[in-house]
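Listed here are the chains, written in short residue letters.
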Amino acid sequence: MKPQHAWPMVALLALGSSIRAQDSDRSDWLRNPAMGNYKAYAEFKMAHYAAARAVWETLAGVGNGDALFNLGILAEDGLGEPRDMARAEALYTSAAQAGNFKARYRLGMLYSAGSLLPQDTAKARIYLTLAAQDGDKEALAMLAGLDQPGRTRSSFEEAEWLGASGQHGEAAALYRQLAAAGDQRAQTRLAWMHEAGQGVSRDLQEAARRFEIAAVAGEAEAQYALAVMMRTGRGREKDLAESEVWLQRAADQRYPAAVAALKSNRSAATDGVR
């Protein structure tokens, strides 16, 4: 199973550390970045962007790629701060250099589209190639588009292109059509957009509904997102046992964040944290 990029979404980490995360502090985050990323994501879910940023800035200071990527999302979308594409570009670049595959894909798309950032086909090719090497099939498709300028994009690729051009409402409309036709990648993208309020109304219940549809259909990214919702009680009733079921299903498909969360669970159990 390829790694899924959370576009344009917050990276999810450390589900297993959630019990302590809400009462954690800076020293905890630096000792256990998974815990810090979880806390920040929980704050993001509640639209507490300043609190999320404080955690991610702490982790970014020690080069954590996921934190750097998430700070880029806040800057690109203007969530809790003025929209600043120069800052977003710098943060995505640092995240990509730290090995974050989501940042690599995002930069590849932004440089390809040439709307939110100046078009730079050479840079687009570099970052999409890196994302493709991480196993990202969407990156492979976008690379094909660079190699064949006259090639007609698929509807999903068009939606991705619209999003990278800042046309989020149009992207959401296309994702909605694709989701209605059974495309679970589009279903998951639309769920993320409802969670962040990007191009659509911010609606955690609708996000959870769409995550669940995609999760049941086998989409690993949605399975992981649903697990987090059930863990936090945001968008879905809190259910730790069911959360673990979805987490394991995502990990079974080798979804990176789920694998990391399970590892964090085992480490916490070993250390007597839980």
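See the structure above.
Residues numbered from 1 in each chain as written. Predicted model: local features only at pLDDT ≥ 70, side-chain atom pairs only at ≥ 80, totals over all residues. Heavy atoms only, no water.

Here's the deal with the packing of helix H10 (residues 155–164) against helix H11 (residues 168–180)
The packing of two helices is summarised by the inter-axis angle and the distance between the axes.
Okay, so step 1: Across the interface, H10 lies against H11 with an axial gap of 8 Å and an inter-helix angle of 160°. As the angle between them shows, H10 and H11 are arranged roughly antiparallel. For the pair H10 and H11, the crossing hand works out as left-handed. Across the interface between the two elements, Ser155, Phe156, Glu158, Ala159, Glu160, Leu162 and Gly163 of H10 pack against His168, Glu170, Ala171, Leu174, Tyr175 and Leu178 of H11.
Okay, so step 2: The class makeup of the residues in the contact of H10 with H11 is seven nonpolar, three polar and three charged. (Axes fitted to C-alpha atoms, helices over the stretch in contact; angles between N-to-C directions. Helix = DSSP H or I, 4+ residues; strand = E, 2+ residues; numbered from the N terminus. Parallel < 35°, antiparallel > 145°, perpendicular 65-115°, else oblique. Left-handed = near helix turned anticlockwise from the far one by under 90°. Contact = heavy atoms within 4.5 Å. Nonpolar A, V, L, I, M, F, W, Y, C, P; charged D, E, K, R; others polar.)

So, the packing of aromatic side chains
Okay, so step 1: Counted under the stated rule, the structure contains seven aromatic pairs.
Okay, so step 2: Ring-pair connections join several aromatic residues into one group, and the members of that group are Phe44, Tyr49 and Trp56.
Okay, so step 3: Against the face of Phe156 rests Arg185, its NZ or CZ located 3.9 Å from the ring centre.
Okay, so step 4: Just above the ring of Trp246 sits the side chain of Arg249; from NZ or CZ to the centre is 4.5 Å. (Phe/Tyr/Trp six-rings, centres within 6.5 Å; stacked < 30°, edge-to-face > 60°. Lys NZ or Arg CZ within 6 Å of the ring centre and 35° of its normal.)

Brief notes about the nonpolar core
Where a protein is soluble and globular, its nonpolar side chains tend to be buried together.
Okay, so step 1: The biggest cluster of nonpolar side chains holds 43 residues, and the ones touching the most others in it are Phe44, Trp56, Leu74, Tyr92, Tyr105 and Leu128.
Okay, so step 2: When contributions to this core are tallied by element, the ones reaching two or more residues are helix H3 (33–45), helix H4 (49–60), helix H5 (65–77), helix H6 (85–97), helix H7 (101–113), helix H8 (121–133) and helix H9 (137–147).
Okay, so step 3: Membership of the second largest hydrophobic core comes to 27 residues, among which are Ala191, Ala220, Ala261 and Leu262. (Core = buried A, V, L, I, M, F, W, Y, C linked by side-chain atoms within 4.5 Å. Buried < 20%, exposed > 50% of the residue type's maximum accessible area, 1.4 Å probe, protein only.)

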